[in-house]
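# A structural walkthrough
Here is how the chains run, residue by residue.
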Amino acid sequence: MNIIKNTFPTEDLQRRDAAHHIHPFTDQAELAQKGARVVTNAEGVFVTDSDGHKMLDAMAGLWCVNIGYGRPELAEAAFRQMNTLPYYNTFFQSTHMPVIELSEKLARLAPDGLNHVFYASSGSEANDTNIRLVRQYWALKGKPDKKIIISRKNAYHGSTMGGASLGGMQSMHEQGSLPIADIHHIEQPDWWSRGGDMTPAEFGKFAALKLEEAIHQYGEDSIAAFIAEPIQGAGGVIVPPDTYWPEMQRICDSYEILLIADEVICGFGRTGNWFGSQTLNIRPDIMTIAKGLSSGYQPIGGSIISDEIAQVIGSEEFTHGYTYSSHPVAAAVACENLRILEEEAIVDTVRNVTGPYLKSKWESLGDHPLVGEAKIVGLMGSLALSPNKKARAPFKVKEGTVGVICRQHCFNNHLIMRAVGDRMIISPPLIISIDEIDLLIDRTLNSLDVAYAEVKNQGLWEAGASHK
Ligand SMILES: *Cc1c(COP(=O)(O)O)cnc(C)c1O
């Protein structure tokens, strides 16, 4: 194999990076001071930086490297396709082999009735497609006023104008005059921080009923769709109470609105089934896909839509598309990725072996003094850090302070974990082995221990106003 070896001093690379590269979701000035981590290569569940540190990547990159790093089959699929047909569009009544094969595979893997795919190069773009798609669908059905899309606070649906508007992150809305018109956000099913005195079951119903309230408020005749991640990912791996989705599904069934499941993280095995909708018993009309679709080896996303929507949308020209919709190289790589996921029974292994194993270990972290609750479904999990579990209290110090301390200790222990506020989250590659799960838990425990000591030493072990 051809490994390009890094021969530049790290500081030199960091300086050049800071001089010309603007990073996403990053405070540039702060980064320029600290210097970016230069990642040079990766294998399996491990990534290596320019100083030779080999780190367990418990985030699978950005939730996407489902089959793990370093699979030569995907490189070969890209190489073959580039040599055969590196690019052609699918706009003007053209098509090609990779996209035919990929669409057929996706229709087979997706829940019944979802058999048609519109491609994009990312999850954000796919959600932008969804906005236009659902509004056009209702317009074609003679209901042009059905335009509003209901989403949830703290949801993540991408970073384009449409994606960030669908998302419920306030810090994103504050930049660039968002959300765009006709998008409304309701309560999120985050019992830990929003459940007050209710039991999880009560709060699940309470949060779900907010959808019905919104339908009454805006009127069924003005609402096109409801969009949600089966399990909120970037919002902090918020696992909804068991009562939530059944009630949401009931509401979606009783009114004439479309249900969009944003499967960008939950799709392709993350929750132990091919799609999160299957794990949570959701029957969507549209699913957004990206990330695990190609295990991140190529940028590709899309919308898998129902037969009925495909028929209606197909009755007239849909004036929408991206130059790279159904890109042949991305499609070929995605096909190869799906082949590996299927033939190596990776999704079954998550459901029956590694998922249950990690769950038992992960939930036992809930006993650590720094951890308030430990939640996990399949291979996506979170730890809410708290100085007082009983009261479900946040820290008195600014939200995120303790999370960042903990994350830093994870890095020091060669473990890549992310902090969302004071929630620590994981989403490791789906090919993680039992031994590697043991290592992950070991390093997490060590990191929690030192973080706990540091929080106490710094005098930060103080509770703020309780969530109860
Ligand atoms: C990452 C993500 C997106 C956006 O995908 P990009 O490929 O980053 O544009 C959309 N929805 C969810 C649920 C995501 O996690």
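In case you missed it, the structure is sitting above this.
Let me begin by describing the structure that accompanies this report. Predicted model, so just to flag it, every value in this text is computed and none were measured.

## Description of the state of the cysteines
- All chains considered together, the criterion is met by zero disulfides.
- Left without a disulfide partner, C64 is nearest to the cysteine sulfur of C266, which lies 14 Å away.
- With no disulfide partner, C335 has as its closest neighbouring cysteine sulfur the one in C64, 18 Å distant.
- Residue class for C335 comes out buried when judged on its relative accessible area of 6%.

## A closer look at the sheet that holds strand β3 (residues 54-57)
- A sheet is described by the order of its strands in space; here four strands give the open sequence β1-β2-β3-β13, paired in mixed fashion. The sheet terminates laterally at β1 (39-43) and β13 (415-416), the two strands that pair on one side only.
- In terms of strand pairing, β3 meets β13 through two bridges, oriented parallel. Directly across from D57, in β13, lies its bridge partner I416.
- Of the strands in this sheet, β2 (46-49), β3 and β13 are in contact with helix α17 (residues 434-457), which crosses β3 at around 100°.

## Focus: the pairing of β1
- Summarising the sheet, β1 and β2 pair through four bridges and their orientation is antiparallel. Along β2, the bridge assignment pairs N41 with T48.
- The antiparallel hairpin formed by β1 and β2 contains two residues in its connecting segment, where G44 sits at a positive phi of about 65°.

## Brief notes about the site of the ligand
- Taken together, S122, G123, S124, N127, Y156, H157, G158, E229, D262, V264, I265 and K291 make up the full set of residues near the ligand.
- At a separation of 2.4 Å, an oxygen atom of the ligand approaches a polar side-chain atom of S124.
- In the model, an oxygen atom of the ligand is placed 2.6 Å from a nitrogen or oxygen of the K291 side chain.
- Protein burial of the ligand: of its 380 Å² of free accessible surface, 84% is covered by the chains.
- A class-by-class count of the residues in the shell around the ligand yields three nonpolar, six polar and three charged.

## Details of the side chain of N337
- Its place among the elements puts N337 in helix α14 (residues 328-343).
- In terms of polar contacts, N337 uses its side chain to reach the backbone carbonyl oxygen of L293, at 2.9 Å.

## Structural notes on unusual backbone geometry
- Along the chain, L178 connects to P179 via a cis peptide bond; the corresponding omega equals -5°.
- By the element assignment, P179 lies in the loop between α8 (170-173) and β6 (183-186).
- In the Ramachandran plot, S295 falls in the positive-phi region, its phi being about 50° despite a non-glycine side chain.
- Here S295 lies in the loop between β9 (286-289) and β10 (301-306).
- Positive phi outside glycine occurs at S326, with the angle close to 55°.
- Among the structural elements, S326 can be located in the loop between α13 (307-313) and α14.

What counts and what doesn't
- Sequence order as written defines the numbering, with residues in each chain counted from 1.
- In keeping with the model being predicted, local features are shown solely for residues with a pLDDT of at least 70 and side-chain atom pairs are shown and tallied solely at 80 or more, while totals for entire chains, interfaces and linings include all residues.
- Neither water nor hydrogens contribute to the side-chain values; these are computed over all heavy atoms in the structure.
- When two cysteine sulfur atoms are found within 2.5 Å, that pair is recorded as a disulfide.
- The rule is simple: take the accessible area with a 1.4 Å probe, protein chains only, and divide by the maximum for that residue type; under 20% is buried, over 50% is exposed, in between is partly exposed.
- The rule for pairing is simple: two strands pair if DSSP sees at least two bridges between them.
- Strands are runs of DSSP state E lasting at least 2 residues, helices are runs of H or I lasting at least 4, and numbering of each runs from the N terminus.
- Any pair of residues with heavy atoms lying within 4.5 Å of one another is described as a contacting pair.
- For every element, the axis is a line fit to its C-alpha atoms; helices are fit only across the contacting stretch, and the angle between N-to-C directions ranges from 0 to 180 degrees.
- The near set for a molecule or strand comprises every residue that places at least one heavy atom within 4 Å of it.
- Polar contacts, as counted here, are pairs of nitrogen or oxygen atoms within 3.5 Å of one another; within protein the pair requires one atom able to donate a hydrogen and one able to accept it, and residues that are adjacent in sequence qualify only if both atoms are side-chain atoms.
- The method behind every accessible area is Shrake-Rupley, applied with a 1.4 Å probe, and residues are considered shielded solely by the protein chains displayed.
- Three residue categories are used. Nonpolar comprises Ala, Val, Leu, Ile, Met, Phe, Trp, Tyr, Cys and Pro, charged comprises Asp, Glu, Lys and Arg, and polar comprises the others, including Gly.

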